[in-house]
Amino acid sequence: MAVITAPAPVRAEAGVSSKTSRKLRDNLTGHAFLIGAVLCFGLFMWFPMIRGIVMSFQRTRRGVTTWVGWDNYIRIIEDPSFWVAWKNTFYFTGLALILGFVAPFFVAILLNEFRHAKGYLRILVYLPVMLPPASALYLFKYYAYDPSEAGLFNAILKFLHLPTSEWMQSPTMTMPAMVIASTWMNMGGAVLIYLAALQNIPGDLYEAAELDGAGLWKRIWHVTIPQTRLILALLAMMQIVATMQLFIEPLILANGAGTQDSATSVAYLIYQHGFFQNDLNGAAALGVIMLLVLAAFSAVYLRLSTKQD
């Protein structure tokens, strides 16, 4: 009777073991890169956020930290500057949605109609985004918004025989002036995103609309806007979140609060509490309130986008 040996299963087990070890090495490499990104994200994003929430329920005096519950929130809400800052922030956000959200879309439509020099025009529109924000704002402050007739905007108004403005020195013009500067600085990125979305719209839709006698505005309303609805909704949400964190514009253009607190924003009020009043706990409480407001806007956006899908 022959003796049966089993070398093949041994080789099979060795092959399975080598495949497992190779797969494990590949996974370890991938997880090593992933762990580094997670650690950086946790260290620079989640830890400050959690630390800020904890600080909002504490009070630190002369190195001694005590738990005070909701006292910081009550103190911040009872401060008259709190409501002024929110009113200014919502006002800026509303103006930015009217101008800063609509203008890039129509600029993209205009650029999309050009047949020549498209690359040059895109670079021209995107160029302000490449400038450091502080440099661009100082350019507006000392050149465009000069309250004398030497200022660019006042020179244009005088040429058109219109009344000039004090711009950043005027409480009524502070917010519109900041929206104009912010739109000029940031619209380039949105324009490129809109251009990419417009070029993905089938040309047959426009041809069918033209055959039906639709003019330019009807084609935009019935073809362009429905076909770019998701991009419009996403950028609108990003616009709201970005504009509600208004900080550098009032800091540079209006020297912080502006005339009669016309430029005080929530983010600048956080900066005031933390660095001028040495009230880090109040600044943390205000930051948590701002986080909750932005989270509410994001939740509403996700809810509406889910219903539309």
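Everything quoted here is computed from the prediction, not taken from an experiment. (Residues numbered from 1 in each chain as written. Predicted model: local features only at pLDDT ≥ 70, side-chain atom pairs only at ≥ 80, totals over all residues. Heavy atoms only, no water.)

A word on the packing of aromatic side chains
This model, assessed by the stated rule, comprises 22 aromatic pairs. With centroids separated by 5.7 Å and ring planes inclined at 40°, the aromatic side chains of Y268 and Y271 adopt a geometry described as tilted. Taken together, the positions of Y268 and Y271, both in helix α13 (residues 266-276) and three residues apart, correspond to about one turn of that helix. For Y268, a relative accessible area of 6% puts it in the buried group. (Phe/Tyr/Trp six-rings, centres within 6.5 Å; stacked < 30°, edge-to-face > 60°. Helix = DSSP H or I, 4+ residues; strand = E, 2+ residues; numbered from the N terminus. Buried < 20%, exposed > 50% of the residue type's maximum accessible area, 1.4 Å probe, protein only.)

Description of the UniProt feature "transmembrane region" (unreviewed entry) in the protein
This chain's UniProt record puts "transmembrane region" (unreviewed entry) on residues 28-47, 90-111, 123-144, 177-197, 230-248 and 283-304. The span residues 90-111 is 95% helix and 0% strand, and its two end C-alpha atoms sit 31 Å from each other. A helix fraction of 79% and a strand fraction of 0% characterise residues 230-248, whose end C-alpha atoms lie 29 Å from each other. (UniProt positions renumbered as here; feature names shortened; annotations may be inferred.)

Overview of a nonpolar patch on the surface
On the surface, a cluster of nonpolar side chains totalling about 880 Å² of accessible area is made up of F41, L43, F44, M45, W46, M49, I50, I53 and L291. Looking at the nonpolar patch element by element, the count peaks at eight residues for helix α1 (residues 7-55). Structurally, L43 can be placed in helix α1. (Patch = residues over 30% accessible without salt bridge, like charges linked within 9 Å, V, L, I, M, F, W, Y side chains within 5 Å. Areas by Shrake-Rupley, 256 points an atom, 1.4 Å probe, with all protein chains shown as cover. Salt bridge = Lys/Arg side-chain N within 4 Å of Asp/Glu carboxyl O.)

Observations regarding the pairing of strand β1 (residues 58-61)
Note: β1 against strand β2 (residues 64-67), four bridges, orientation antiparallel. Directly across from R59, in β2, lies its bridge partner T66. Connecting β1 to the next strand, β2, in antiparallel fashion are two residues, including R62 with a positive phi near 55°. (Pairing = 2+ DSSP bridges.)

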